[in-house]
Amino acid sequence: MAEPSTRPPASGHDKLMIGQSAAGIWLAHAVLILGILIVAFPIYYTFVASTHSLQTILRPPLPLLPGDRFVENYWEALFGGVGRIGGVPVGTLLLNTTIVALGIAVGKIIISILSAYAIVFFRFRGRMFFFWLIFITLMLPVEVRILPTYKVMVDLGLIDTYTGLIVPLIASATATLLFRQFFLTIPGELVEAARVDGAGPWRFFKDILLPLSRTNIAALFVILFIYGWTQYLWPLLVTNRNDMNTIVIALKKMISFADADTEWHLVMVTSMLAIVPPILVVVLMQRWFVRGLVETEK
Amino acid sequence: MSPRVVFPNKILPYLLLAPQLAITLVFFYWPASQALYQSMLREDPFGLSSKFVWFANFRKVLSDPNYLNSVHVTIVFSVATAAVAMSVALLLAVMADKVVRSRGLYRTLMIWPYAVAPAIAGMLWLFLFNPSIGSLAYGLRWLGISWDPLLNGSQAMVLVVAAASWKQISYNFLFFVAGLQAIPKTLIEAAAIDGAGEHKRFWTIVFPLLAPTTFFLLVVNTVYAFFDTFGIIHAVTGGGPGKATETLVYKVYNDGFVNLILGDSAAQSVILMAIVIALTAIQFRYVERKVHYG
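Since the structure is predicted, the reported quantities are computational estimates derived from the model, not experimental observations.

Conventions adopted
- Residues numbered from 1 in each chain as written.
- Chains lettered and ligands numbered in written order.
- Predicted model: local features only at pLDDT ≥ 70, side-chain atom pairs only at ≥ 80, totals over all residues.
- Heavy atoms only, no water.
- Helix = DSSP H or I, 4+ residues; strand = E, 2+ residues; numbered from the N terminus.
- Buried < 20%, exposed > 50% of the residue type's maximum accessible area, 1.4 Å probe, protein only.
- Contact = heavy atoms within 4.5 Å.
- Buried area = accessible area lost by both parts, 1.4 Å probe.
- Salt bridge = Lys/Arg side-chain N within 4 Å of Asp/Glu carboxyl O.
- Polar contact = N/O pair within 3.5 Å; in protein donor to acceptor, adjacent residues only side chain to side chain.
- Nonpolar A, V, L, I, M, F, W, Y, C, P; charged D, E, K, R; others polar.
- Domains from an automatic or database assignment.
- Core = buried A, V, L, I, M, F, W, Y, C linked by side-chain atoms within 4.5 Å.
- Phe/Tyr/Trp six-rings, centres within 6.5 Å; stacked < 30°, edge-to-face > 60°.
- Lys NZ or Arg CZ within 6 Å of the ring centre and 35° of its normal.
- UniProt positions renumbered as here; feature names shortened; annotations may be inferred.
- Patch = residues over 30% accessible without salt bridge, like charges linked within 9 Å, V, L, I, M, F, W, Y side chains within 5 Å.
- Areas by Shrake-Rupley, 256 points an atom, 1.4 Å probe, with all protein chains shown as cover.
- Axes fitted to C-alpha atoms, helices over the stretch in contact; angles between N-to-C directions.
- Parallel < 35°, antiparallel > 145°, perpendicular 65-115°, else oblique.
- Left-handed = near helix turned anticlockwise from the far one by under 90°.

Focus on the overall build of chain B
Move 1: The helix and strand tally for chain B stands at 13 helices and two strands.
Move 2: Dimensions of chain B, computed from the C-alpha atoms along their principal axes, are close to 75 × 75 × 30 Å.
Move 3: Here chain B holds 294 residues, and 54% of them are scored as buried.
Move 4: Expressed as a percentage of contacts within chain B between residues at least 6 apart in sequence, the contacts between residues at least 24 apart total 67%.

Rendered as structure tokens:
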């Protein structure tokens, strides 16, 4: 046990609980640091590779420190265009992916908040039926209906369009359920008071419900942005044109182990550019993200 | 549910629901019903005529050795991925629960992989371990291990499991940390005063109390390994070498999209649908209830 002290224990320092030893704490730090090294290593390695020349990458082992080609490699990839994917610059891919991820996140939030609003704050014929109709979509992920969904996309002429990349993914049972759960905790007195004051459904939604949902929306936004950014199967199905690819799909197309002419330095740069934006979103919005994740999924 | 105060509007709620329902019907229910219908059709090789064959496609699929192989692959892959991702995350979470100093920093550094697309996670591991340019593959060869995941099926499996679990560690870590924080510290201290060692405290108090979290994560990790790892398989191994890493979802894609065997692919889709329904039912029936217990 720590000695009695007149000062309050400074927060941020390890305090020993009963039954804990200092050695145990050091061991815990050691295990955590090792864990983080393992978790971070693949990303660090790719970053290092992205700053070396193609020749250096082709002769393993790679140096452990970044090389001197950072500016050249990133410039070439972002603006120069990559041969294997039809000369499309990675900048275009980043733009596509950003549009898709934002479209999915914002779209999902809008349509889910509207339907949850209808289900919780109105009484109408078929209310529970519609609720179940939305709920059941949880059980129909794209993976189990690949071909027929693709056919719908072809029939509607949505192949190689942003609409095709975004709209089919914005119906979400999870987000609707989340908003419904949250709305149910809003006391009826609030609705009553709003109605007494003469607020219609739209006023209530805009001035009371939306401000109250701010944290939920922020949390959901992070999760959905990541969801949109990391999509794989869907963009693989609905894009053929190289300049409509998302960065993840383009990256897959850039790699070939059979051919000697894979431009590995550009592959590494593209990987970094595909990883960094969502990581920034998660790390910068960590507070909402962690809360949202742990609370919504339970 | 208590009678809520509601708005008396009659038409507005339908308008509010319309966008979601439209998307759901066009992109979820219609294709799913098509998959059901097609799973009972058989087309001739030229796609000119088709006939209704009831469950013949299912019988064919379920007796196909390639399909059974892919069931086996999926089980091995999912069990290994869930086991690795969960045990590593649990170990790290228990350690993170002990320390106070730099706890926030550890968490920040631990959540990175969550933001990495599964396919890219696969590629990162491939960069490290592919035989021609991977530095770690070079290291393995230097140690005298003949390492070539592009030719050796078991090694390919190890590689995709490593990549899939690596990505899932951060998610599990966050949930285990939250679960550990919910366990009252007094309980553990009481056991310590009674002389229970660290090991014993963990297995008799902490681990049982974590059961709801563990069970929840087990379901989530299984769903993840079944469905969300398509990108890893597609980008890293393409189901190969041979069919050593051909999971169920990859096979549906490959049979339907690449080999164009529509009836079989549809039947496989329907089987997958049944699996998702079962998993979702388990998640909602048991997990919801057990969470309160925890």
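A short note on the interface of chain A and chain B
Move 1: Taken together, the 112 residues of chain A in the interface contact 100 residues of chain B.
Move 2: Both faces combined, the contact of chain A with chain B buries some 10100 Å², and carbon together with sulfur accounts for 77% of it.
Move 3: Counting every contact that joins chain A to chain B gives zero salt bridges.
Move 4: Remark: the boundary between chain A and chain B carries eleven residue pairs in polar contact (both at pLDDT 80 or more).
Move 5: The dominant element in the side of chain A that touches chain B, judged by the number of residues it contributes, is helix 1 (residues 22-50) of chain A, at 15 residues.
Move 6: Partitioned by chemical class, the residues of the side of chain A that touches chain B number 82 nonpolar, 18 polar and twelve charged.

Re the domain arrangement of chain A
Residue and element names in this part refer to chain A.
Move 1: In terms of domain boundaries, chain A breaks down into domain 1 (22-85) and domain 2 (93-296).
Move 2: A straight line from the C-alpha centre of domain 1 to that of domain 2 covers 30 Å.
Move 3: Contacts between the two partners involve 18 residues from domain 1, matched on the other side by 21 residues from domain 2.
Move 4: Roughly 1800 Å² of surface becomes buried between domain 1 and domain 2 when both sides are summed, with 76% attributable to carbon and sulfur atoms.

Description of the side chain of Thr230 of chain A
Move 1: Examined against the element boundaries, Thr230 of chain A turns out to sit in the loop between helix 11 (214-229) and helix 12 (233-238).
Move 2: In terms of polar contacts, Thr230 of chain A uses its side chain to reach the backbone carbonyl oxygen of Tyr227 of chain A, at 3.4 Å.
Move 3: Look past the residues within four positions of Thr230 of chain A in its chain and what remains in contact with it is Ala115, Val116, Ala117 and Pro118 of chain B.

Looking at the nonpolar core
Move 1: Counting residues in hydrophobic clusters, the biggest one holds 194 residues, and the most contacted among them are Tyr117, Phe121, Phe183, Ile247 and Phe289 of chain A together with Ile120 and Phe127 of chain B.
Move 2: Counting residues per element, this core draws most heavily on helix 4 (residues 90-121) of chain A, which supplies 16 residues.
Move 3: Summarising the domain contributions, this core has at least three residues from each of domain 1 (22-85) and domain 2 (93-296) of chain A.
Move 4: Among residues more than four places away in sequence, those in contact with Phe289 of chain A are Val222, Ile223 and Val282 of chain A together with Ile111, Tyr114 and Leu174 of chain B.

With respect to the packing of aromatic side chains
Move 1: Summed over all chains, the structure comprises 35 aromatic pairs over all chains.
Move 2: Measuring from centroid to centroid gives 5.0 Å for Phe230 of chain B and Tyr253 of chain B, while their planes differ by 70°, and the two rings are edge-to-face. Here the residue Phe230 of chain B occupies a position in helix 11 (residues 230-237), and Tyr253 of chain B occupies one in helix 12 (residues 248-258), the gap between them amounting to 23 residues.
Move 3: By relative accessible area, Phe230 of chain B is classed as buried at 2%.
Move 4: Judged by centre distance (6.1 Å) and plane angle (50°), the ring pair of Tyr250 of chain B and Tyr253 of chain B falls under tilted. Highlighted residues: Tyr250 of chain B and Tyr253 of chain B, both in helix 12, separated by three residues, approximately one helical turn. Across this residue pair, the class does not change: Tyr250 of chain B and Tyr253 of chain B are buried.
Move 5: Taken together through their ring pairs, the aromatic side chains of Tyr117, Phe121, Phe122, Phe179, Phe182, Phe183, Trp202, Phe204 and Phe205 of chain A make up a single cluster.
Move 6: One residue, Arg145 of chain A, lies across the ring of Phe28 of chain B, its end atom 4.2 Å from the ring centre.

Describing the pattern of salt bridges
All names here are of chain A.
Move 1: One pass over the full model with this rule turns up nine salt bridges over all chains.
Move 2: Between Lys151 and Asp155 there is a salt bridge whose closest N-O contact spans 3.2 Å. A residue pair is termed a helical-turn pair when its members lie 3 or 4 positions apart in one helix, as Lys151 and Asp155 do in helix 6 (residues 146-155) at four residues.
Move 3: On the accessibility criterion, Asp155 (55% relative accessible area) is exposed.

Examining the environment of Val106 of chain A
Move 1: Looking at the secondary structure, you find Val106 of chain A in helix 4.
Move 2: The class of Val106 of chain A is partly exposed, set by a relative accessible area of 40%.

Focus on the UniProt feature "domain: ABC transmembrane type-1" (unreviewed entry) in chain B
Move 1: The feature "domain: ABC transmembrane type-1" (unreviewed entry), as annotated in UniProt, sits at residues 71-283 of chain B in this numbering.
Move 2: Along residues 71-283 of chain B one finds 77% helix and 0% strand; the C-alpha atoms at either end are 22 Å apart.

Looking at the UniProt feature "transmembrane region" (unreviewed entry) in chain B
Residue and element names in this part refer to chain B.
Move 1: Under the feature "transmembrane region" (unreviewed entry), the UniProt entry names residues 12-32, 71-96, 108-129, 202-227 and 266-287.
Move 2: With 100% helix and 0% strand, residues 71-96 has its two end C-alpha atoms placed 37 Å apart.
Move 3: As a span, residues 108-129 carries 68% helix and 0% strand, and end to end its C-alpha atoms are 26 Å apart.

Section: a nonpolar patch on the surface
Move 1: Taken together, the side chains of Phe70, Val71, Trp75 and Phe79 of chain A present a nonpolar region at the surface, about 490 Å² in accessible area.
Move 2: Classification of Phe79 of chain A as exposed rests on a relative accessible area of 53%.

Some remarks on the packing of helix 8 (residues 185-193) of chain B against helix 9 (residues 198-209) of chain B
Residues and elements named next belong to chain B.
Move 1: Viewed as axis vectors pointing N to C, helix 8 and helix 9 meet at an angle of 165°, and their least axial separation amounts to 10 Å. One element, helix 8, and the other, helix 9, form an angle in the roughly antiparallel class. The two elements helix 8 and helix 9 cross, and the hand of that crossing is right-handed. Note on element contacts: helix 9 touches helix 8 through Arg201, Ile205, Val206 and Leu209, opposite Leu187, Ile188, Ala191 and Ala192.
Move 2: Residues of the contact of helix 8 with helix 9, tallied by class, amount to seven nonpolar, no polar and one charged.

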